[in-house]
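Coordinate analysis (summary)
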Amino acid sequence: MSETISLKVETQSDGRSIRPSSVARARQDQTAKRTFFIVTLLPVILIVMITIALFLRALPILNAHPFTQLLFGDVWKPSAGLFGFKPFILGTVWVTAVGVLLAVPPSLLVAIYLAEYAHTMTRSVAKPILDLLAAIPPVVYGVWGLLAIVPFVQGVLAPLSDRWLDSIPLFAINQPTGFGILAAGIVLAVMIAPLIISVVYEVFSTVPNELRNASLAVGATRWQTIRRIVLPQILPGIIAAIVLAASRAFGETIAVLIVVGNVANIPTSIFDSAYPLPALIANNYGDMMSIPLYDAALLGAALILLVVILIFNVISTLVLQRLKRRSWA
Amino acid sequence: MGMKKKRWERRHLVELFMKAIMLVSLFLVAGALGLILWTIISRGLPALNLDMVTQTPKGGFYMGREGGVLNAIIGSIYLAIGGTMLAIAFSLPITLYLKAYLGDSKWGDYIRLSLDVLWGIPSIVYGAFGFTLMIAVGLRASLLAGIIVLALVELPIMARAMDEVIRRMPVDLEHAALALGSTKFEVAVRVVVRQMLPGIVTSVLLAFGRGIGDAASVLFTAGYTDRIVTSLMRPTASLPLAVFFQLGSPYPEVQQRGYASALILTIIVLAVSLSSRWISARLNKYTVK
């Protein structure tokens, strides 16, 4: 076995001992402990640093315009000094909502199936499929959306909606292209599904088998056991998984940018195009140093994303940590 | 009696129905993967040729003339290797500290919480943060800036994945080494790292795959150039951005090369994902059972 670390070798007066003294090893242990401790603080420091850095860079725009005017202003015209984030915030919310609504039902069903019904064989086939789905890069999802989903929305879903749901404003066709909230939502749904499935699957495994066996033993079906016994135990965990997935969708940039249309209007229908915050930042980073306050506005957009996602993430992670902790007790 | 029988039938119908829609959902998810791969392969393959992976963009490349995306392939590999190395340098101490000193304590959970929160921060925000850092220190869009930001994106993914495998290590080996007089540091480096090597390799490759495919973080920080990068201080192309920029072209030939670039990226990422299973299975031979 090769030595992977060098130890200070202390030799006794007769020159025979070749092993490091316990004092040297204890000192090395202390040094390592201190170094590792500092590195371990890095994640916390990073979160604070990112927040402060974005806040400081966004400060000029916060000083120049009232906060409510920025959040609720309709007009985005950087060259005229108008920075209303409302269309972008609403665009993000619409896209996220459609993505989450489409992803949650099938993802929950798959997670329940894998956790409660599936044979080990099925699980060992499903795991790599989910891993691969999670491994596909966002830009590839974007290409898929552009080549498959946008034409599908334009050629199939929009005509169907036009025929059957046209009187409902939520499904109205206001523009002829397939680019828009629905296309982005479908792409996002596939992107966040692996996350929901894996988190919910883990949450299911925190429920002890004794509970299931007791229910099955008195004659309940599997589904009755899940609905009456298992689900009530882990409902907070499932909600946390959905919130986590929503925050992932909220910040997704490239895949959404490619299919969402990028028109800064206030959406009223899922077939409308939209312009979410991440797309705004990614599309305009090149010009942001050329117009006054533009850079502050775009980094302010990043700050809005960060704050919303921090809140979502902290809450959902705390809920999940508590659930897992309980199962060990 | 009759009523009882009816109720019995209904809950079993519900059981069957739920099972059926669960299976339909499972096929839907698996089908989505198939559909994505089929779309990328069938549209990317026609434009994929040897030039794509052996040439840099020549004059008129962006109007459909000859050349390839070798600059982006090399750039992405440099970016992801650099980012992954840097992320390992921080992830390993963090996970070993969590294992050796914090364990499942409250403080351990706080660190895990902060890693999970970092994991949730979108890469566009990391990119924007990297941009503010670059302004602060006077660094221009470069391979180095891209590597640093990718390391930030990869750090929480790698550290959490490592933590999940390391915390599940059976305590017997650790106790045996401690009982023989090892210090905690010696246990961490000589016992935990060696025993958990398969899981550590999987975590590293997971983060590498995430890093090489990330576009939003390098958009701000690494820049783009048609040459193969030769210095840490120069801007570099990357494969995700090559895909993205070519998609936006009005020339159909260029768009098709965008699809081909997406296929190249997909092949790289899937190869990394699949090989990580194989490598960790191979390494498993060298651990104590």
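Remember, predicted model here, so these are calculated numbers, not experimental data. Position numbers for residues count from 1 along each chain, tracking the sequence in the order it is written. Written order decides the labels, with chains lettered from A and ligands numbered from 1. Given that this is a predicted model, residues contribute local features only at a pLDDT of at least 70 and side-chain atom pairs are listed and counted only at 80 or more, while totals for whole chains, interfaces and linings are drawn from all residues. The side-chain quantities take in all heavy atoms of the structure and omit both hydrogens and water.

As for the overall build of chain A
Threshold: Helix numbers and strand numbers start at the N terminus; a helix is a DSSP run of H or I with at least 4 residues, a strand a run of E with at least 2. As defined in this context, the radius of gyration uses C-alpha atoms, and a globule is described by 2.2 Å times the residue total to the power 0.38. In what follows, residue pairs with any heavy atoms lying within 4.5 Å of each other are defined as contacts. Areas reported as accessible are Shrake-Rupley estimates using a 1.4 Å probe. Residue values count occlusion only from the protein chains shown. Residues scored as charged are limited to Lys and Arg (positive) and Asp and Glu (negative), so that His and the chain ends carry no count. Where a charge lies is defined by one atom per residue type, namely NZ (Lys), CZ (Arg), CG (Asp) and CD (Glu).
The helix and strand inventory of chain A stands at twelve helices and two strands. In terms of C-alpha radius of gyration, chain A reaches 26 Å, well past the compact-globule figure of 20 Å for 329 residues. For chain A, the C-alpha atoms occupy an extent of roughly 95 × 70 × 35 Å along the three principal directions. The contacts in chain A between residues at least 6 apart in sequence include a share of 72% that link residues at least 24 apart. Taken as a whole, chain A presents about 15300 Å² of accessible surface, with 66% of it coming from carbon and sulfur. In chain A, which carries 22 positive and 15 negative side-chain charges, the distance between the mean positions of the two groups comes to 11 Å.

Looking at the overall build of chain B
Quick note on the threshold: The buried label applies to any residue whose accessible area, calculated with a 1.4 Å probe on protein chains only, is under 20% of its type's maximum; exposed applies above 50%, and partly exposed to all values in between.
When you go through chain B residue by residue, the secondary structure sums to twelve helices and zero strands. Secondary structure elements in chain B, listed N-terminal to C-terminal, are α-α-α-α-α-α-α-α-α-α-α-α. Since a compact globule built from 289 residues should have a radius of gyration of about 19 Å, the 24 Å found for chain B marks it as more spread out than a globular shape. Dimensions of chain B along its principal axes, counting C-alpha atoms only, are 75 × 70 × 40 Å. Taking all 289 residues of chain B together, the buried fraction comes to 53%. By sequence separation, contacts in chain B at least 24 residues apart represent 74% of the contacts at least 6 residues apart. As displayed, chain B has an accessible area near 13200 Å², and 67% of this comes from carbon and sulfur atoms. Once the 28 positive and 16 negative side-chain charges of chain B are each reduced to a mean point, those two points are 5 Å apart.

Description of the interface of chain B and chain A
Interface extent is often summarised as the accessible area lost during association of the parts. Rules: Buried surface area refers to the total accessible area, computed with a probe of radius 1.4 Å, that the two partners give up upon joining, counted for both partners together. Within this document, salt bridges are pairs made up of a side-chain nitrogen of Lys or Arg and a carboxyl oxygen of Asp or Glu, the two lying within 4 Å of each other. Any pair of nitrogen or oxygen atoms within 3.5 Å is treated as a polar contact; in protein, a donor-acceptor pairing is required on top of that, and neighbouring residues in sequence qualify only through side-chain atoms on both sides.
On the side of chain A, 86 residues touch chain B, which itself brings 82 residues to the contact. Taking both sides of the interface into account, the surface hidden between chain B and chain A amounts to around 7800 Å²; carbon and sulfur atoms contribute 77%. A per-residue breakdown of the area chain B buries against chain A is headed by Met22(B), Tyr97(B) and Phe185(B), which together make up 8% of the total. Glu186(B) is the partner of Arg25(A) in a salt bridge, and the nearest nitrogen-oxygen pair spans 2.7 Å. There are twelve residue pairs in polar contact (both at pLDDT 80 or more) connecting chain B and chain A. Considering every element that reaches the side of chain B that touches chain A, the biggest residue donor is helix H1 (residues 2-44) of chain B, with 21 residues.

Remarks on the packing of aromatic side chains
Remark: the centre distance and the inter-plane angle together describe each pair of aromatic rings, the angle taken between the planes. All names here are of chain A. Inclusion rule: Put simply, two rings from Phe, Tyr or Trp (the six-membered ring, in Trp's case) pair if the centres are within 6.5 Å, and we call them stacked under 30 degrees between planes, edge-to-face over 60, tilted for the rest.
Scanning all chains against the criterion turns up 16 aromatic pairs over all chains. Aromatic side chains Trp76 and Phe85 sit 5.4 Å apart centroid to centroid with 45° between the ring planes, which places their arrangement in the tilted category. Owing to a relative accessible area of 17%, Trp76 belongs among the buried residues under this scheme. Taking the centre distance of 6.0 Å and the plane angle of 10° together, the rings of Tyr113 and Tyr117 count as stacked.

A word on the side chain of Glu15(B)
Structurally, Glu15(B) can be placed in helix H1. At 5.8 Å, Lys19(B) is the nearest oppositely charged side chain to Glu15(B), a buried residue that forms no salt bridge. A polar contact is formed between the side chain of Glu15(B) and the side chain of Tyr117(A), at a distance of 3.1 Å.

Looking at the pattern of salt bridges
Scanning the model with the defined rule gives 15 salt bridges over all chains in all. Lys86(A) is the salt-bridge partner of Asp74(A), the closest N and O atoms lying 3.6 Å from each other. Note that Asp74(A) is positioned in the loop between helix H3 (67-72) and strand E1 (76-77) and Lys86(A) in helix H4 (residues 86-117), a separation of twelve residues in sequence. Judged by relative accessible area, which is 45%, Asp74(A) ranks as partly exposed. As a salt-bridge pair, Arg112(B) and Asp163(B) come within 2.5 Å of each other at their nearest N and O atoms. Separated by 51 residues along the polypeptide, Arg112(B) in helix H4 (residues 106-120) and Asp163(B) in helix H6 (residues 143-166) bring together distant segments of the chain. Taking relative accessible area as the criterion, Arg112(B) reaches 2% and is therefore assigned buried. Assessed through its relative accessible area of 1%, Asp163(B) is described here as buried.

Observations regarding a nonpolar patch on the surface
Residue and element names in this part refer to chain A. Worth spelling out the cut-off: Patch building starts from residues that exceed 30% relative accessible area and form no salt bridge, then joins like charges within 9 Å and nonpolar side chains (Val, Leu, Ile, Met, Phe, Trp, Tyr) within 5 Å.
Residues Phe152, Val156, Leu160, Trp164, Leu165, Ile168 and Leu170 make up a contiguous nonpolar surface patch of roughly 630 Å² in combined accessible area. Mapping Trp164 onto the fold places it in helix H6 (residues 138-164). Trp164 sits in the exposed class, given a relative accessible area of 61%.

A look at the side chain of Ser203(B)
Relative to the elements of secondary structure, Ser203(B) occurs in helix H9 (residues 197-212). Discounting residues that sit within four places of it in the chain, Ser203(B) has contacts with Met158(B), Ala161(B), Met162(B) and Val165(B).

Some words on the domain arrangement of chain B
Residue and element names in this part refer to chain B. In plain terms, the rule: Note that the domain bounds reflect an automated or database-derived domain assignment.
For chain B, the assigned domains read domain 1 (2-47) and domain 2 (54-286). Counting residues at the interface gives seven residues for domain 1, matched by eight residues for domain 2. For the pairing of domain 1 and domain 2, the buried interface totals around 580 Å² over both sides, and the portion due to carbon and sulfur atoms is 82%. When the buried surface of domain 1 facing domain 2 is broken down by residue, Ile40, Arg43 and Ala47 rank first, second and third, together holding 60% of it. Across the contact surface, domain 1 and domain 2 share zero salt bridges. At the boundary of domain 1 with domain 2, the tally comes to zero residue pairs in polar contact (both at pLDDT 80 or more).

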